[in-house]
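Listed below are the residues making up each chain.
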Amino acid sequence: MDVDPPAVSCHGRDMMACRGAGCSGFAPVSQDTARFAMLALLILLYLLCGAAVFSALEHPKEKQAKARWMQRFEHFSQKHNLSRSDLENFLRHYEEASMAGVRVDGLKARWDFPGALYFVGTVVSTIGFGMTTPATAGGKIFLIFYGLIGCAATILFFNLFLERIITVLAFVLKSCHEVQHRRKGVLPHDGGGQGPGDMRQRGEDSLAGWKPSVYCVMLILCVAAVIISCCASAMYSSMEGWEYLDSLYFCFVAFSTIGFGDMVSGQRTTYHSQTLYSLGNFFFILLGACCIYSLFNVISIVIKQVLNWLLKKLEIPCRHCPGRSLRPGRNAVVPGHFRTRVRNISIDTDAVNESETDGRRMSGEMISMRDFLAANKVNLAIMQKQLSETANGHPRPSGSANRHNEFSGGVGALGIMNNRLAETSVDR
């Protein structure tokens, strides 16, 4: 008896052709993973480009300085009848003294109480200029534990500053937005009522879900950072005797907590109006660091939007699998009709995810790697939500209305920015 071969559907032939063409049968790559990979690739490319530019700018100057130093070294050794080894040993001793804070010019003490206070400020702010470092074993051990708590507390302070500055900016921008609506006639003026409140209610409803633009916030923070840097540079140029461009360079290095240590403020023994200068130095570094930290976080949101746009442009679906594309992650900016479908697997409906795998586990089948990773992602999201609620002091409602304009961005600075700004929660 002849048995006909099993019929292969068109979809099965397409899947076989798709696998033969090199497309795997596994789940599509999530947008979070694709964005992470693209960001890592772009950072690597950014590092290579930066290294090429700095090498072209600085390497010729380095070779000139090295040749000039060798000439001076030979001239000094011949003039004073010193052997090369003796002079090198003497220079090594000076390097050790320099690491301990000893300089040729008259600088103030590094480890008296004001100097130690300046040092711990650079530690907890993660600036770390490097001109003062602990030399004893006890100091190094204490620094490890001291920096662990101090840096964490300072990052928390930066996040709280970020939350408050964004709240203030949102209030100001929303007030300006309301004024524009009143001028256009969308909102009624306070003195005039054109009905039983219908027009007023419509105007309030139109502003209920309004959030400030991330680009406006970035522009305001950028202008604030420039103003603070220019004012601080004027002070440093006057008090330290630096060039204005060098002062701007120091401001960015200090405010961004890079802290090379080649230029450090407040290191001379005496200054004119020293107390006032010390207070101004502390004020500008604190305010500049907070402002630059906030600006960096806003720029990171913009970079994330650019990555989403690039992923959308580079998305090429397989012709054999027309429905297969990059799977949007929980932080993706997606259209409204797709967002409602993705919301079914959010952290508030993790029971749905469990129900999908309970039947498989009851039947004795081993859980797949995809389900395992999905369960871990849900657990991590729940933990982040609980941490965020604990930090805010009150749990947030889990209704769909409260999640409509909300962006689940996790904990910390990124979560603050995502919950406060508009472009990350609403599809543009």
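Everything numeric in this text was worked out from a predicted model, so none of it was measured. (Residues numbered from 1 in each chain as written. Predicted model: local features only at pLDDT ≥ 70, side-chain atom pairs only at ≥ 80, totals over all residues. Heavy atoms only, no water.)

**Focus on the packing of helix α4 (residues 113-124) against helix α5 (residues 137-184)**
Part 1 of the argument: As a packed pair, α4 and α5 sit with axes 8 Å apart at the nearest point and diverge in direction by 60°. Contact residues: Phe119, Val120, Val123 and Val124 in α4; Leu143, Tyr146, Gly147, Gly150, Cys151 and Thr154 in α5.
Part 2 of the argument: Looking at the contact of α4 with α5 residue by residue, the class counts come to seven nonpolar, three polar and no charged. (Axes fitted to C-alpha atoms, helices over the stretch in contact; angles between N-to-C directions. Helix = DSSP H or I, 4+ residues; strand = E, 2+ residues; numbered from the N terminus. Contact = heavy atoms within 4.5 Å. Nonpolar A, V, L, I, M, F, W, Y, C, P; charged D, E, K, R; others polar.)

**Quick word on empty space enclosed by the protein**
Part 1 of the argument: Per the stated rule, a full pass over the model turns up one cavity of 30 Å³ or more.
Part 2 of the argument: Looking at the largest cavity, its volume works out to about 40 Å³.
Part 3 of the argument: Around the largest cavity, the lining residues are Lys108, Ala109, Arg110, Gly115, Tyr118, Met131, Thr132 and Gln267.
Part 4 of the argument: Residue classes in the lining of the largest cavity are distributed as three nonpolar, three polar and two charged. (1 Å grid on protein atoms, 1.4 Å probe; cavity = no way out; pocket = protein on both sides within 12 Å on 5 of 7 lines; lining within 4 Å. Points joined across faces, edges and corners; volume = space filled by probe spheres on them.)

**Some points on helix α7 (residues 214-240)**
Side chains three or four residues apart in an α-helix point the same way, a direct result of the helix having 3.6 residues per turn.
Part 1 of the argument: For α7, with 27 residues, the first-to-last C-alpha span of 37 Å sits near the 39 Å given by 1.5 Å per residue.
Part 2 of the argument: The N-capping residue of α7, defined by a side-chain oxygen 3.2 Å from the backbone nitrogen of tyrosine 215, is serine 213.
Part 3 of the argument: Just past α7, the residue glycine 241 takes up positive phi, approximately 75°. (Expected span 1.5 Å × (residues − 1). Polar contact = N/O pair within 3.5 Å; in protein donor to acceptor, adjacent residues only side chain to side chain.)

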